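Secondary and tertiary structure notes
The chain contents come next:
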Amino acid sequence: MNPQTILIYDGSFDGFLSCVFFVYHHKITNPIIRKESEANNQLFTITEDIITDKNNALRVWKGLLLKTSRHQQQDFFKAFLSEIKGVENTLLSYIQNIFTKETSTGIDFSNKDILKISQVAKMVGREKHRMEAFVRFQLTKDAIYTATVEPDFNVLPLIIPHFKDRYADQKWIIYDIKRNYGIYYNLKTIETIAIDSFSKTKFKISSDLLLPEEKDFQKLWSTYFNSVTIKSRKNNKLHKQHLPKRYWKYLIEKTQ
Amino acid sequence: MSFDKIRQKLSILADAAKYDVSCSSSGGKRSNNKKGLGNNTGFGICHSYTEDGRCVSLLKILLTNHCIYDCAYCVTRKSNDIKRAAFKIQEVVDLTIHFYRRNYIEGLFLSSGIFKNSDFTMERLVSVAKKLRLEENFNGYIHLKSIPGASDELMREAGLYADRLSVNIEIPTKSGLKLLAPDKKHEDFIKPMEKVKNEILQYKAERKIIKSTPRYAPAGQSTQMIVGASGESDRDIMYSATYYYKKFNMRRVYYSGYIPVINDNRLPSLGTEVPVLRENRLYQTDWLLRFYGFSVSEILNDTHKNLDLDIDPKLSWALRNLHLFPIDINKADKQMLARIPGIGMQSVFKILEARKFRNLDWTHLKAIGIAMNRAQYFITCNSKDFYKQDLSSYDLKNKILKSSKSKYDKYFNSQLSLFS
């Protein structure tokens, strides 16, 4: 039996596509694809460090574009952003499946990888939607609407178009505490930023950075939130199902 | 802005508006192409959820809870002794903008008690929407209440700024309305609905010729009915819902379980439980009519006046029509697949796609995610194992009920224990 090959990449989407390129180029069977951050040495394996190559990545992506619908491409990227351990291998067999197929009519939901990708993409899509809903901006003294979040999956790249279009006339920052990076809209473009003062334990925006009336608006919002509940229909299970507890610490109406 | 005063008003006027269940912010498209504030992609967003599990998507408030009417079912009826308040137009505009910029809401849902007369009230609602659109360059969602009896001119203007307009019919039958809202006339509700419908039709026709025709209420209109206040049957409710869908091209009809707010001998007494389960079954029926290709008479008719509470309406229909089953998953057309209990439209789509590649068996169907506890009795697939129809519909129903767990179990446990 040949030893199994482990491909290590930098965690970026291009890096992953470079791995796929490598697999095809060197005709590797049954590889394992891992991020550097989760690599561990195993016996009887060959480890290859894959260097991210934009051109190789693009070749794979172009191949995928020819064989899939826009919706499938989006699902593919979303599934990648899930960062679920081992998702790279599911994505690889997904690609192999698509590339060996002649025609591209219909989606084979009876194939387990294809079904899995569509289910994972759905989970990521749901998280994206939640972030569009649960981001709570606070206005700082330097006139930037700032929010901190902690999404289950790496969805900031997915929510940029939504926020950029909606809040086109105000500066804003959405900061992912878990992954320690944020996106900043400067009224023209989006920049990726890192802010040192945030950490897993310091996830709140310090109140001396906020405009004085910010707290008043937060109080108004909480007042509104509390007045719309119909007490005789109270249903905590449903409440938590829609608004899972892990998001509460970032929601003004659930912290005041 | 005096925050304390605003806060007081907000708590009174949000509290009074909460019985309106519509909270959708979908269906209207409005793009933000002038670098203004806000957009509307056609998909709604629930920004939060109340402790009763309802979506909070819009800033839903009354302009005022002063009202000249005395409808029995309404908290803000004039004879009710409650705190009254009124917002100024600019206050509503400011509140909406500040909340929207913080990503709390998708937009505004503005309703009002009727003060002075219909037109006076409607005019004020329209001017809030107008200010938001023209002065604040706001492209978020605006839902305005059409005040019964408002003039055609005002309804025309309302639709130019609002995404959605709605009149709540509240009481599904004319006789019920007469009993509970004696000073309101059925025609007053119909008039603004008719106007909005015609304007939308006209807009659609004109737009085909002149692309720049100003948009009119892109998210259409909706209405709401109270369930369980005036003794109507499920059939009455769904037939009248169907009437409003067909006659006025409603986007949505909402069903709101009656919440006793005042003691009145014409109504269920205070403390009566809200009929949430019945409400849920009505919504399921509504979905079957709008998305699953059922017609209302298949589900509710003279022999079947009320929906079963212990099983969903599709299962109930299937049990009454066992002769149509089992259905072959690999051959049946879309319409028939949609009629199988335990299979929703998402699964129908997945089945249709997947069976182009191979004949599906039980493992595939399970993985796709159909509700096997119900579906298994109504289908055949690529397998020799399938349910041989040997039980009567009564026994089959009990078998399904025994093998499944419902979140509504607590409503039925007491009944079951009678027999055990």
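Residues numbered from 1 in each chain as written. Chains lettered and ligands numbered in written order. Predicted model: local features only at pLDDT ≥ 70, side-chain atom pairs only at ≥ 80, totals over all residues.

Put simply, the test is: UniProt positions are given in the numbering used here, feature names are shortened, and annotations may be inferred rather than shown by experiment.
Chain B has the name DNA modification/repair radical SAM protein in an unreviewed UniProt entry, where Aquimarina muelleri is given as its organism. Quoted verbatim from the Cofactor (unreviewed entry) field of the UniProt record, the comment on chain B reads "[4Fe-4S] cluster".

By the naming in an unreviewed UniProt entry, chain A is DNA metabolism protein, taken from Aquimarina muelleri.

Details of the overall build of chain B
What counts here: Under the scheme used here, helices are H or I runs from DSSP no shorter than 4 residues and strands are E runs no shorter than 2 residues, and both carry numbers assigned from the N terminus. Radius of gyration: C-alpha atoms only; globule rule: 2.2 Å multiplied by the number of residues to the exponent 0.38. Residue burial here comes from a neighbour count, namely the number of other C-beta atoms, placed from the backbone, that lie within 10 Å of the residue's own C-beta, with 20 or more meaning buried, 12 or fewer meaning exposed, and in between meaning partly exposed. Think of it this way: build a C-beta for each residue from its backbone, and any pair within 7 Å is a contact.
Scanning chain B for helices and strands turns up 16 helices and 12 strands. For 420 residues, the compact-globule estimate of 2.2 N^0.38 gives 22 Å, and chain B sits close to it at 24 Å. Projecting the C-alpha coordinates of chain B onto the three principal axes gives extents of approximately 70 × 55 × 40 Å. Across the 420 residues that make up chain B, the buried fraction comes to 44%. Put simply, 69% of the contacts in chain B that link residues at least 6 apart link residues at least 24 apart.

Side note on the interface of chain A and chain B
With 41 residues of chain A at the interface, the matching set in chain B holds 45 residues. Elements with a minimum of two residues in the side of chain A that touches chain B: helix 5 (112-134), helix 6 (156-166), helix 7 (214-227) and helix 8 (236-242) of chain A. The element best represented in the side of chain A that touches chain B is helix 7 of chain A, accounting for nine residues.

Re the packing of helix 7 (residues 234-248) of chain B against helix 8 (residues 276-291) of chain B
Residues and elements named next belong to chain B. For the record, the criterion: The axes used here are C-alpha line fits, helices contributing only the stretch in contact, and every angle between their N-to-C directions lies in the interval 0 to 180 degrees. For classification, angles of less than 35 degrees are called roughly parallel, those exceeding 145 degrees roughly antiparallel, those between 65 and 115 degrees roughly perpendicular, and all remaining angles oblique. Working rule for handedness: look at the near helix, and if it is turned counterclockwise from the far one by less than a right angle, call the crossing left-handed; if clockwise, right-handed. Under this grouping Gly is polar, as are all residues other than the nonpolar Ala, Val, Leu, Ile, Met, Phe, Trp, Tyr, Cys and Pro and the charged Asp, Glu, Lys and Arg.
Their axes nearest at 11 Å, the elements helix 7 and helix 8 cross at an angle of 40°. Relative to helix 8, the element helix 7 lies oblique. Between helix 7 and helix 8 lies a crossing of right-handed hand. For the pair helix 7 and helix 8, the contacting residues are Asp 234, Ile 237, Met 238, Ala 241 and Thr 242 in the first and Leu 282, Thr 285, Asp 286 and Leu 289 in the second. Its residues assigned to classes, the contact of helix 7 with helix 8 shows five nonpolar, two polar and two charged.

Considerations on helix 3 (residues 70-81) of chain A
All names here are of chain A. Basically, it comes down to this: Under the convention used throughout, the expected extent of a helix is 1.5 Å for every residue step, that is, one less than its residue count.
The end-to-end C-alpha distance of helix 3, which contains 12 residues, comes to 17 Å, matching closely the 16 Å that a straight helix rising 1.5 Å per residue would cover. Buried within helix 3 are the following residues: Gln 72, Asp 75, Phe 76, Lys 78, Ala 79, Phe 80 and Leu 81. At its buried positions, helix 3 is contacted by helix 1 (13-25), helix 2 (54-67), helix 4 (87-100), helix 5 and helix 6.

Digging into the sheet that holds strand 1 (residues 4-9) of chain A
Residues and elements named next belong to chain A. The cut-off we apply is this: When DSSP locates at least two bridges between a pair of strands, those strands are taken to pair.
Ordered by their spatial adjacency, three strands build an open sheet running 2-1-3, and the pairing between neighbours is parallel. Edge positions in the open sheet fall to strand 2 (32-35) and strand 3 (45-49), since each of these has one partner strand only. The sheet shows a mean angle of 25° between the axes of neighbouring strands, taken without regard to direction. In the sheet, strand 1 pairs with strand 3 via five bridges, with the strands oriented parallel. Note on strand 3: the bridge partner recorded for Gln 4 is Thr 45. Its contacts with the sheet put helix 1 on strand 1 and strand 2, and the angle it makes with strand 1 is roughly 150°.

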